There are 2 protein chains.
Amino acid sequence: MSDPLLLDGRIVSQAMRDEVKERTDELKRQGHDTCLATILVGDDPSSATYVKMKGKACEKVGIESKAVVLPADTTQDTLMQTIKELNEDPKVNGILLQHPIPSHLDERAAFEAIHPDKDVDGVTSASFGRTGLDFGRFPSCTPGAIISILDYFNIELEGKDVVVVGRSPILGKPVSLLLLNRNATVTICHSKTQALAEKVSRADIVVAAVGKPEFVKGDWIKEGAIIVDAGYNPGNVGDVEYDACYKKASAITPVPGGVGPVTIATLLKQTVESAEKSAGLLV
Amino acid sequence: MSDPLLLDGRIVSQAMRDEVKERTDELKRQGHDTCLATILVGDDPSSATYVKMKGKACEKVGIESKAVVLPADTTQDTLMQTIKELNEDPKVNGILLQHPIPSHLDERAAFEAIHPDKDVDGVTSASFGRTGLDFGRFPSCTPGAIISILDYFNIELEGKDVVVVGRSPILGKPVSLLLLNRNATVTICHSKTQALAEKVSRADIVVAAVGKPEFVKGDWIKEGAIIVDAGYNPGNVGDVEYDACYKKASAITPVPGGVGPVTIATLLKQTVESAEKSAGLLV
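None of the values given here were measured: they were computed from a predicted structure.

## Details of helix α3 (residues 76–88) of chain B
All names here are of chain B.
(1) Moving on: The terminal C-alpha atoms of α3, which comprises 13 residues, lie 18 Å apart, in line with the 18 Å expected from a rise of 1.5 Å per residue.
(2) Moving on: Along α3, the residues classified as buried are L79, T82, I83 and L86. Projection of α3 onto a plane perpendicular to its axis shows the buried side chains occupying an angular sector of 95°, all on one side. Facing away from the buried side of α3, by more than 90 degrees, are the exposed residues D77 and E88.
(3) Moving on: Of the surrounding elements, those touching the buried residues of α3 are β2 (35–41), β3 (64–70), β4 (94–97) and α4 (107–113).

Shown next, in the form of structure tokens:
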């Protein structure tokens, strides 16, 4: 087999960021700033790193970031009040609550408190519902990123058999619905799925979204399949056995440099969309 | 093969209605009425029949029905205002907008205007989102009914391969998510699906939700499969070839008398749940 097409997320991400920059510039010319509020609760170092990374990404494309940091012993009331204030703040176009939050807090309740118009990270059930029914905004960012990558590289989805491995609320479920809305035939697999390898072996496109390093094996996949690896595990390892899949795939996302960078670009894109909407440029 | 288990919806429906009756009686003892508002727009005779049937079903289980009838030339504003008033009316526990409404109206916008707490028919994207993410109420009624039937007859769902044929917002999509949340492995098929017969032939459970008479053929299904027919076409014909499927299935829903009666019972159940919630009996 010849080498597969590398679905390089850095290229897609750069194109998206360039576009976001133009749009924030245009907003500025019209007197509107664009602002993403981030909420970090507690002192988990990787969460802190993610939030910092997102703040820097904002800065580069002309999005202000308003970083709210709450102590690890924050009460639910304080967290909800913080979200409420950001919902009501006309300067804030998007709200990102960094997952995970300390376990004494109800993360779902906190997510649900984010106003759908500012849910640029696509974590509320309202956003999930609109995504699934194919109207309104915003999909959660990783699923949105996966579609952007497939579109950028002109991967045909209609009529394709897709197996999604994983069913999380912000990844497996919404990406399945996005792919379904693009006329793919989608099978959603998970920990209780029987004969998983056989199911994966029938897929034209495999989306690995399970959060376990090298979980999808090279010998499961069909010769010529397209592999989208949404996993990002310690040591820069994805959810698929990369080398073995590389040999059989017709196209594959690398890890790192695949879905990850496009996920952040999607957050930026959705933030500027929200700003355009509140400035009356988008309806 | 021996005859399949008949998944008789009338039995399930009766059990559910008996329970609803007890619950409305209990609410009455505590001074609370239960009320479903129905909105019929225009003069489509089958819509009128459906609304009448639902009103009668309410009456039998102690639910008042408030029938709002709007002329065929109703404006979107009037429809939205009607929904708003019903949202705000503390006596109304549930709102049903009979589908379809005249084509000059935006049905999705009207559905979305229903307050999620009163969306006992499960048509809003908010309800769809909560159903998909597996919290809160209410699923749309036919998907809810399908799960009730499978549960009533103790059909195991975990690890089963389910093929859902159809992807409508109030049937195919939500039933797929409900089955997924019950640990089935779900493949969602539709008009663009390739090799549909082959996919159906691998299913342990087939849910036909396509709205085309006898669309799913008896020779597609696996010996011993479980067949759920959510179709209801003119002439009491379902979406599966009943006789041919009957010979091969291990269990099957009849049409009529399968999913249909349980769908109405689900509407009643969700209405009483809403009433219990607003009376402070449920949280």
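## Comments concerning the relation of the copies chain B and chain A
(1) Moving on: For the pair chain B and chain A, the relating rotation is 180°, the translation along its axis is 0.0 Å, and the fit reaches an RMSD of 0.0 Å. The transformation relating the two chain copies, once decomposed into turn and shift, fits a two-fold axis.
(2) Moving on: When the interface residues of chain B are mapped onto chain A, 100% of them again fall at the interface, so both copies present the same face.

## Some points on the packing of aromatic side chains
What describes a pair of aromatic rings is the distance from one ring centre to the other and the angle between the planes of the rings.
Residue and element names in this part refer to chain B.
(1) Moving on: In the structure shown here, the tally under the stated rule is seven aromatic pairs over all chains.
(2) Moving on: Aromatic pair Y152 and F153: ring centres 5.1 Å apart, planes at 70°, arrangement edge-to-face.
(3) Moving on: Owing to a relative accessible area of 40%, Y152 belongs among the partly exposed residues under this scheme.
(4) Moving on: Ring centres of F215 and W220 lie 5.9 Å apart, and the angle between their planes is 85°; this geometry places the pair in the edge-to-face category.
(5) Moving on: With relative accessibility at 17%, the residue W220 sits in the buried group.

## Let's talk about the UniProt feature "binding site: NADP(+)" (unreviewed entry) in chain A
Residues and elements named next belong to chain A.
(1) Moving on: What UniProt calls "binding site: NADP(+)" (unreviewed entry) maps, in this numbering, to G166, R167 and S168.
(2) Moving on: Mapped onto the elements of the fold, G166 is located in the loop between β5 (161–165) and α7 (172–181).
(3) Moving on: Residue G166 is classed as buried on the basis of its relative accessible area, which comes to 8%.
(4) Moving on: The residues touching G166, leaving out its near neighbours within four places in the chain, are G172, I188, C189 and A209.
(5) Moving on: For S168, a relative accessible area of 27% gives the class partly exposed.
(6) Moving on: Ignoring anything within four residues of it in the chain, the contact list for S168 reads K173 and P174.

## Re the interface of chain B and chain A
(1) Moving on: In this assembly, 31 residues from chain B lie in contact with 31 residues from chain A.
(2) Moving on: Roughly 2,700 Å² of surface becomes buried between chain B and chain A when both sides are summed, with 63% attributable to carbon and sulfur atoms.
(3) Moving on: There are four salt bridges connecting chain B and chain A.
(4) Moving on: In this structure, the salt-bridge partner of B:E158 is A:K192, at a minimum N-O distance of 3.8 Å.
(5) Moving on: Residue assignment for the side of chain B that touches chain A shows that the elements contributing at least two residues are α4, α5 (125–133), α7 (172–181) and β6 (185–189) of chain B.
(6) Moving on: The biggest single contributor to the side of chain B that touches chain A is α5(B), with six residues.
(7) Moving on: Class assignment of the residues belonging to the side of chain B that touches chain A gives a composition of ten nonpolar, eleven polar and ten charged.
(8) Moving on: Pairing of strand β6 (residues 185–189) of chain A with β6(B) involves three bridges; the strand directions are antiparallel. Counted as the bridge partner of A:I188 is B:V186 from β6(B).

## Observations concerning the domain arrangement of chain A
(1) Moving on: Looking at chain A, the domain boundaries give domain 1 (31–116) and domain 2 (140–260).
(2) Moving on: In this structure, domain 1 of chain A and domain 2 of chain A have C-alpha centres spaced 29 Å apart.

## What to know about the side chain of A:T187
(1) Moving on: Its location among the elements puts A:T187 in strand β6.
(2) Moving on: A distance of 2.6 Å separates the side chain of A:T187 from the side chain of B:T187, its partner in a polar contact.
(3) Moving on: The residues contacting A:T187, other than those within four sequence positions of it, are A:V162, A:V163, A:V164, B:T185, B:V186 and B:T187.

## Description of the sheet that holds strand β9 (residues 251–252) of chain B
(1) Moving on: Spatial ordering of the open sheet is given by β1(A)-β9(A)-β8(A)-β7(A)-β5(A)-β6(A)-β6(B)-β5(B)-β7(B)-β8(B)-β9(B)-β1(B), a layout of twelve strands whose pairing is mixed. With partners counted over all chains shown, the strands left at the sheet margins are β1 (5–6) of chain A together with β1 (5–6) of chain B, one partner each.
(2) Moving on: The pairing of strand β8 (residues 226–229) of chain B with β9(B) spans two bridges and is parallel. By the bridge assignment, B:I226 is partnered in β9(B) with B:A251.
(3) Moving on: Across the sheet, α7(A) touches β5, β6 and β7 (205–208) of chain A together with β6 of chain B, and the angle it forms with β5(A) is around 170°.

## Some points on the pattern of salt bridges
All names here are of chain A.
(1) Moving on: The final tally for this structure, using the stated rule, is 28 salt bridges over all chains.
(2) Moving on: Of the charged contacts in the structure, one is a salt bridge between R10 and D8, with a shortest N-O distance of 3.3 Å.
(3) Moving on: A residue is classified by how much of its surface remains accessible, and D8, at 14% relative accessible area, is buried.
(4) Moving on: Connected via shared salt-bridge partners are E19, R23 and E276.

## Comments concerning the UniProt feature "domain: Tetrahydrofolate dehydrogenase/cyclohydrolase NAD(P)-binding" (unreviewed entry) in chain A
(1) Moving on: Mapped onto this numbering, the UniProt entry annotates "domain: Tetrahydrofolate dehydrogenase/cyclohydrolase NAD(P)-binding" (unreviewed entry) at residues 140–278 of chain A.
(2) Moving on: Within the segment residues 140–278 of chain A, helix and strand shares are 40% and 14% respectively, and the terminal C-alpha atoms sit 20 Å apart.

## Observations concerning the packing of helix α1 (residues 9–29) of chain B against helix α10 (residues 259–278) of chain B
Residue and element names in this part refer to chain B.
(1) Moving on: It is at 9 Å that the axes of α1 and α10 come closest, and there the two elements cross at 20°. What the angle tells us is that α1 and α10 run roughly parallel. Handedness of the α1/α10 crossing: left-handed. Contacts between α1 and α10 pair G9, R10, V12, S13, M16, R17, V20, R23, T24 and L27 from the former with P261, V262, I264, A265, T266, L268, K269, V272, E273, A275 and E276 from the latter.
(2) Moving on: Split by residue class, the contact of α1 with α10 holds eleven nonpolar, four polar and six charged.

The rules behind each value
Residues numbered from 1 in each chain as written. Chains lettered and ligands numbered in written order. Predicted model: local features only at pLDDT ≥ 70, side-chain atom pairs only at ≥ 80, totals over all residues. Heavy atoms only, no water. Helix = DSSP H or I, 4+ residues; strand = E, 2+ residues; numbered from the N terminus. Expected span 1.5 Å × (residues − 1). Buried < 20%, exposed > 50% of the residue type's maximum accessible area, 1.4 Å probe, protein only. Arc of directions from axis to C-beta. Contact = heavy atoms within 4.5 Å. Least-squares fit on C-alpha atoms with pLDDT ≥ 70 in both. Phe/Tyr/Trp six-rings, centres within 6.5 Å; stacked < 30°, edge-to-face > 60°. UniProt positions renumbered as here; feature names shortened; annotations may be inferred. Buried area = accessible area lost by both parts, 1.4 Å probe. Salt bridge = Lys/Arg side-chain N within 4 Å of Asp/Glu carboxyl O. Nonpolar A, V, L, I, M, F, W, Y, C, P; charged D, E, K, R; others polar. Pairing = 2+ DSSP bridges. Domains from an automatic or database assignment. Polar contact = N/O pair within 3.5 Å; in protein donor to acceptor, adjacent residues only side chain to side chain. Axes fitted to C-alpha atoms, helices over the stretch in contact; angles between N-to-C directions. Parallel < 35°, antiparallel > 145°, perpendicular 65-115°, else oblique. Left-handed = near helix turned anticlockwise from the far one by under 90°.

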